[in-house]
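Descriptive structure summary
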Amino acid sequence: MEIIDGKEVAQALKKQIAAQVATMVGAGERAPHLVAILVGDDGASQTYVDHKEKMSAEVGFRSTVLRLSGDTSQAELLDLIAKLNRDTEVDGFIVQLPLPRHIDEQKVIEAIDPSKDVDGFHPENVGRMVMGLPSFVSATPDGILQLLKYYNIPTAGKHCVVIGRSNIVGRPIANLLSQKGWDCTVTMCHSRTRNLADVVRSGDIVIAALGRAEFVTADMIKPGAVVIDVGITRVPAPETKSGFRLKGDVKFDEVAPLCSYITPVPGGVGPMTIISLMRNTLLAKRLFGFFDRE
Ligand code: NAP
């Protein structure tokens, strides 16, 4: 059994990105520029944006954080997005979610120019991804693919069981792994799936993305399976300084001995997500014209 070390993979990819940026800048080009818009003062969102800003600096990007007050109107936010869409010095930008309740998230996502949508949430990017066309793939599914690639985990012809069908994790990763090149036979499960344990037990690769702490137990796993645990749930842990502990969707201690590979939580999929945003931003700067910017 091998534990997939997301921190190590993230570190390796980060070095590659930094080297590519250094070469770009050395050749007289400007560095990629990532802009993050943060609306309101949600603590978790603030932390995520801080991490993105720090990582941007570490790989040599220019980064700008636009902090807007929680009572910013939808029209004001859409105006700002239109401005960033036109700004030729901005390669990619993200609007940190969730947004305050008075703002329609879908409208905001759809207002972003798909060629700058480095979060990969715009329907044009999602549609292109589903069709196997060049696109920005959103962070978590891209992070999972990078982990499989780094560890040379065979996927062709394997039965991959994905638990969860959300637009940000389950649905895209199920689609991507079914595409040419990855070539999995994919089953996507959800809360209405019958005999879930039997279905999961038939998986050579199991991707747990349901958000229920320690839901996947040893009896649900085929010996030798690859288990990717996407879940992050805070469970109370009075003995810790923070008062909580992060748990994945997989009961790690009993499942790990059965697996060929498994991701831990934390330290598995989590560290990959910011890296995927950096990868997309570098791609946006290079933008190989898969979008018509006109
Ligand atoms: P979500 O939108 O809540 O979707 C959960 C999915 O799991 C739904 O499709 C739901 O089915 C299914 N589900 C829930 N309970 C189930 C059950 N008992 N049996 C079978 N399926 C069940 O969650 P999400 O946004 O995809 O996130 C999933 C987890 O990943 C969360 O813990 C989240 O914090 C974590 N996450 C981690 C990262 C990372 O960087 N590591 C990134 C994103 C998310 P229905 O559709 O039928 O309701």
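Description of the structure in this document.

Criteria and cut-off values
Residues numbered from 1 in each chain as written. Predicted model: local features only at pLDDT ≥ 70, side-chain atom pairs only at ≥ 80, totals over all residues. Heavy atoms only, no water. Phe/Tyr/Trp six-rings, centres within 6.5 Å; stacked < 30°, edge-to-face > 60°. Helix = DSSP H or I, 4+ residues; strand = E, 2+ residues; numbered from the N terminus. Lys NZ or Arg CZ within 6 Å of the ring centre and 35° of its normal. Pairing = 2+ DSSP bridges. Contact = heavy atoms within 4.5 Å. Axes fitted to C-alpha atoms, helices over the stretch in contact; angles between N-to-C directions. Buried < 20%, exposed > 50% of the residue type's maximum accessible area, 1.4 Å probe, protein only. Right-handed = clockwise from strand over helix to strand, strands pointing away. Parallel < 35°, antiparallel > 145°, perpendicular 65-115°, else oblique. Nonpolar A, V, L, I, M, F, W, Y, C, P; charged D, E, K, R; others polar. Near = heavy atom within 4 Å. Polar contact = N/O pair within 3.5 Å; in protein donor to acceptor, adjacent residues only side chain to side chain. Areas by Shrake-Rupley, 256 points an atom, 1.4 Å probe, with all protein chains shown as cover.

1. Digging into the packing of aromatic side chains
Under the definition given, this model contains 2 aromatic pairs. Here Y151 and Y261 contribute two aromatic rings whose centre-to-centre distance is 6.1 Å and whose plane-to-plane angle is 70 degrees, an arrangement assigned as edge-to-face. Taken as a pair, Y151 in the loop between α6 (139-150) and β5 (159-163) and Y261 in strand β11 (residues 261-262) lie far apart in primary sequence, 110 residues in all. Among the aromatic side chains, those forming a connected cluster through ring pairs are Y150, Y151 and Y261. Stacked on the ring of F244, the Lys or Arg R234 has its end atom at 3.8 Å from the ring centre.

2. Let's talk about the sheet that holds β11
Judged by pairing direction, the sheet is parallel, and its 6 strands sit side by side in the order β1-β11-β8-β7-β5-β6 without closing on themselves. Either end of the sheet is taken by a strand with one partner, and the two such strands are β1 (2-3) and β6 (185-189). Both β5 and strand β7 (residues 205-208) contribute to a ladder of 4 bridges, which runs parallel. Residue C160 lies in a different strand from β7, and its bridge partner there is I205. Strand contacts of helix α7 (residues 170-178): β5, β6 and β7, with the helix running at about 165 degrees to β6, the strand carrying the most contacts.

3. Some words on the pairing of strand β2 (residues 33-39)
The two faces of the sheet receive side chains in turn, since in a regular strand these alternate between them. The buried fraction of β2 is high, at 7 of 7 residues. Across the two faces of β2 the burial is the same, with H33, V35, I37 and V39 and L34, A36 and L38 all buried. One crossover worth recording links β2 to the parallel strand β3 (residues 62-68) by way of helix α2 (residues 43-59), and it is right-handed. As defined by bridge partners, β2 adjoins strand β4 (residues 92-95) across 4 bridges and the pair is classed as parallel. If you follow L34 over to β4, its bridge partner there is G92.

4. Remarks on the packing of helix α1 (residues 6-26) against α2
Direction vectors running N to C along α1 and α2 enclose 55 degrees, while the axes themselves pass 8 Å from each other. Comparing the axis directions of α1 and α2 gives the class oblique. Touching K14, I17, A18 and V21 of α1 are M55, E58 and V59, all from α2. When grouped by side-chain class, the residues that make up the contact of α1 with α2 number 5 nonpolar, no polar and 2 charged.

5. Concerning the site of the ligand
Around the ligand sit 21 residues, and of these R165, S166, S191, V230 and I232 come closest. Between a nitrogen atom of the ligand and a main-chain N or O atom of V230, the distance comes to 3.4 Å. I232 places a polar main-chain atom, nitrogen or oxygen, 3.0 Å from an oxygen atom of the ligand. Considering the ligand on its own, with 930 Å² of exposed area, one finds that the protein chains cover 71% of that surface. Tallied by class, the residues present in the shell around the ligand amount to 10 nonpolar, 9 polar and 2 charged.

Function cannot be read off these values alone, since they describe shape.
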